[in-house]
Amino acid sequence: MRKVRVRFAPSPTGPLHIGGVRTALYNYLFARQMGGSMILRIEDTDSTRFVPGAEEYINEALQWLGIGIDEGVREGGDYGPYKQSERRDIYRTYVKQLLDAGKAYYAFDTPEELDAKRAEVANFQYDASTRMSMRNSLSMPADEVQALIDGGHKWVVRFKIEPNREVLVNDLIRGEVRINSSVLDDKVLYKSADDLPTYHLANIVDDHLMEVSHVIRGEEWLPSAPLHVLLYEAFGWTDTMPQWVHLPLLLKPDGKGKLSKRDGDRLGFPVFPLEWHDPKSGDISSGYREAGYLPQAVINFLALLGWNPGDDREIFAIDDLIKEFSFEHCSKKGAKFDYEKGKWFNHEYLSAMDDAQLAQLFKPVMAQHGVDATAFADEYIATAVGLVKNRCNFVKDLWDNCAFFFVAPHTYAEKDVRKRWKEGTDAIMTELIGVLEGIADFSATATEPIVLDWIKAHEYHMGNVMNAFRLTVVGECKGPHMFVITEALGKAETIARIKRGIDNIKPAE
Ligand code: GLU
């Protein structure tokens, strides 16, 4: 069997869209599963659409997500250069090959002439039925053609498509797609104006030369596939034509139409992996990384947008995805982009994360809130985040749930005070301080029975006393188990907080 070689071939025309990331991911999963190679090819032949910073953005996004590249501009490899603008000489050779074989021809029609023709002929298409009425090397005498070329007249090379032939695209997801070649136009393959090929020619030549075995790309490229099949034939490369795989579209959350950047803006979720600062407009588009997503969660979320394991499992680490991924389980139907599900995945990965690791991610959040993380032991921070992580979707949410571990409360939730702090509560809290002072082992398991027994012995109201206690320590009546909190805070800090509560909390009028 042929060695598996796949490529992700983005054009650096802006930030990589989340749909493009999914394409990269499926290429990667398949390459790893098959022990093949993953190529990153930069398709930058359309200089008018080039955006500075886009290529760096692509690299950074793939790196953040852990989508490893085996061959590429930065990685090197035996099939380079991996950037199309550095392969001009190669394309020239292959365009010449098609011209010499009579499978392509020069065309001289100016944009104005083409517009005039379109205005004159309804549904005009440059093809076998019209090409002889146009200005090209098929309709004009050879000396005239040469004179135009020599005179520096702008020309393009068009692919000469034979009409009325059945073209078969064999696609691993879509099955056999057949079209009649007459619906295709004589696509422009090369432009003298920029001395560069168009996407179609460069793409095919590179896939061939880079020995790409599977072309895995978004469904929006399916209409180009018949042309690509014909190009492989025209070059005589049919034997090594790659297997086509067109992935289902990513749809808007309501399933009506393709997911766009505007949906993200409208509905308030990122459609880009990383934040993007548009160099021209200065606009900032939000990214998953900056929104607080864990890369593993984004990978898991994207993997299931278009693929399913055949059962109802949802949590897949990257290695499991590599094992289980298959095109048979990719759907033909578009995949609805369910942003809430994305949050759910992040929640799952956050709650499953090792506390010590999570503590490291939390330190910058502490700093944002003016807390010096170095003032606390790593284990203490880990305990704090570990106690609240399953209440949070994002690392930054941890703060609201565990800030009291780092900053003693200086205000107290009003409605809790009204409910739990009565005339006489301060006296009971003073008594509680005495009880706590007498406890040598401040662990939760040792402290809990002593305090509860004291409450019972005095026939105090369990709920009121425990909540008043919590109010002084946390600042409000919620949070993890009370004695786990006091164990982490330690005896001195717990007692100091109760004292501060007694001094500062006044019963509501
Ligand atoms: N350069 C194309 C893109 O930007 C590549 C399409 C393909 O994979 O053939 O998506």
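Nothing here was measured: the structure is a model prediction, and the numbers come from that model.

Rules used throughout
- Residues numbered from 1 in each chain as written.
- Predicted model: local features only at pLDDT ≥ 70, side-chain atom pairs only at ≥ 80, totals over all residues.
- Heavy atoms only, no water.
- Helix = DSSP H or I, 4+ residues; strand = E, 2+ residues; numbered from the N terminus.
- Rg over C-alpha atoms; globule rule 2.2 N^0.38 Å.
- Buried < 20%, exposed > 50% of the residue type's maximum accessible area, 1.4 Å probe, protein only.
- Contact = heavy atoms within 4.5 Å.
- Lys, Arg positive; Asp, Glu negative; His and termini not counted.
- Charge placed at Lys NZ, Arg CZ, Asp CG, Glu CD.
- Phe/Tyr/Trp six-rings, centres within 6.5 Å; stacked < 30°, edge-to-face > 60°.
- Near = heavy atom within 4 Å.
- Polar contact = N/O pair within 3.5 Å; in protein donor to acceptor, adjacent residues only side chain to side chain.
- Areas by Shrake-Rupley, 256 points an atom, 1.4 Å probe, with all protein chains shown as cover.
- Nonpolar A, V, L, I, M, F, W, Y, C, P; charged D, E, K, R; others polar.
- Pairing = 2+ DSSP bridges.
- Expected span 1.5 Å × (residues − 1).
- Arc of directions from axis to C-beta.

Asks: Would you mind showing me how to read the overall build of the protein here?
Replies: Helix and strand counts for the protein stand at 20 helices and 14 strands. For the protein, whose C-alpha radius of gyration is 33 Å, the value lies well above the compact-globule estimate of 23 Å for 509 residues. Projecting the C-alpha coordinates of the protein onto the three principal axes gives extents of approximately 110 × 45 × 40 Å. Classification of the 509 residues of the protein by burial places 49% in the buried group. The contacts in the protein between residues at least 6 apart in sequence include a share of 72% that link residues at least 24 apart. The averaged location of the 76 negative side-chain charges in the protein is 3 Å from the averaged location of its 60 positive side-chain charges.

Asks: Looking at this structure, how should I read the environment of Thr 110?
Replies: With respect to the element layout, Thr 110 can be found in the loop between β3 (104-107) and α4 (111-120). Overall, the relative accessible area of 23% leaves Thr 110 in the partly exposed class. Taking the C-alpha atoms as reference, Thr 110 lies 8.0 Å from Lys 154; in sequence the two are 44 residues apart.

Asks: Would you explain the packing of aromatic side chains in this entry?
Replies: The relation between two aromatic rings is expressed through the spacing of the ring centres and the mutual angle of the planes. Applying the stated criterion across every chain yields a total of 33 aromatic pairs. Where Tyr 288 meets Tyr 293, the ring centres are 4.9 Å apart and the plane angle is 65°; that geometry is what we call edge-to-face. Here Tyr 293 falls in the buried class, since its relative accessible area comes to 5%. Ring centres of Trp 454 and Tyr 460 lie 5.5 Å apart, and the angle between their planes is 70°; on these two criteria the pair is classed as edge-to-face. Residue classification places Trp 454 among the buried positions, given a relative accessible area of 8%.

Asks: Explanation requested: the site of the ligand in the structure shown.
Replies: Near the ligand, the surroundings consist of Arg 7, Ala 9, Pro 10, Ser 11, Glu 43, Tyr 199, Asn 203, Arg 217 and Trp 221. Residue Asn 203 places a side-chain N or O atom 3.1 Å away from an oxygen atom belonging to the ligand. Its free accessible area being 300 Å², the ligand has 84% of it covered by the protein chains. Split by residue class, the shell around the ligand holds 4 nonpolar, 2 polar and 3 charged.

Asks: Would you mind showing me how to read the sheet that holds β3 here?
Replies: As a general point, the strands of a sheet are linked pairwise by backbone hydrogen bonds and lie either parallel or antiparallel. Spatially, 4 strands are ordered β3-β4-β7-β8 in an open sheet, and the strand pairing comes out antiparallel. Of all strands in the sheet, those with a lone pairing partner are β3 and β8 (196-197), marking the two edges. The pairing of strand β7 (residues 188-191) with β8 spans 2 bridges and is classified as antiparallel. Of the residues in β8, the one forming a bridge with Tyr 190 is Pro 197.

Asks: Please explain helix α16 (residues 425-437) as it appears in this structure.
Replies: Note on helix geometry: an α-helix contains 3.6 residues per turn, so any two residues three or four positions apart are oriented the same way. For α16, built from 13 residues, the straight-helix expectation of 18 Å at 1.5 Å per residue is met to within 8% by its first-to-last C-alpha distance of 18 Å. Restricting attention to buried positions, one finds in α16 the residues Thr 425, Ile 428, Met 429, Leu 432, Ile 433, Val 435 and Leu 436. The arc that holds the buried residues of α16, viewed along the axis, is 160°, so those residues lie on one side. Contacts made by the buried residues of α16 are with α15 (414-420), α17 (444-457), α18 (462-474) and α20 (491-504).

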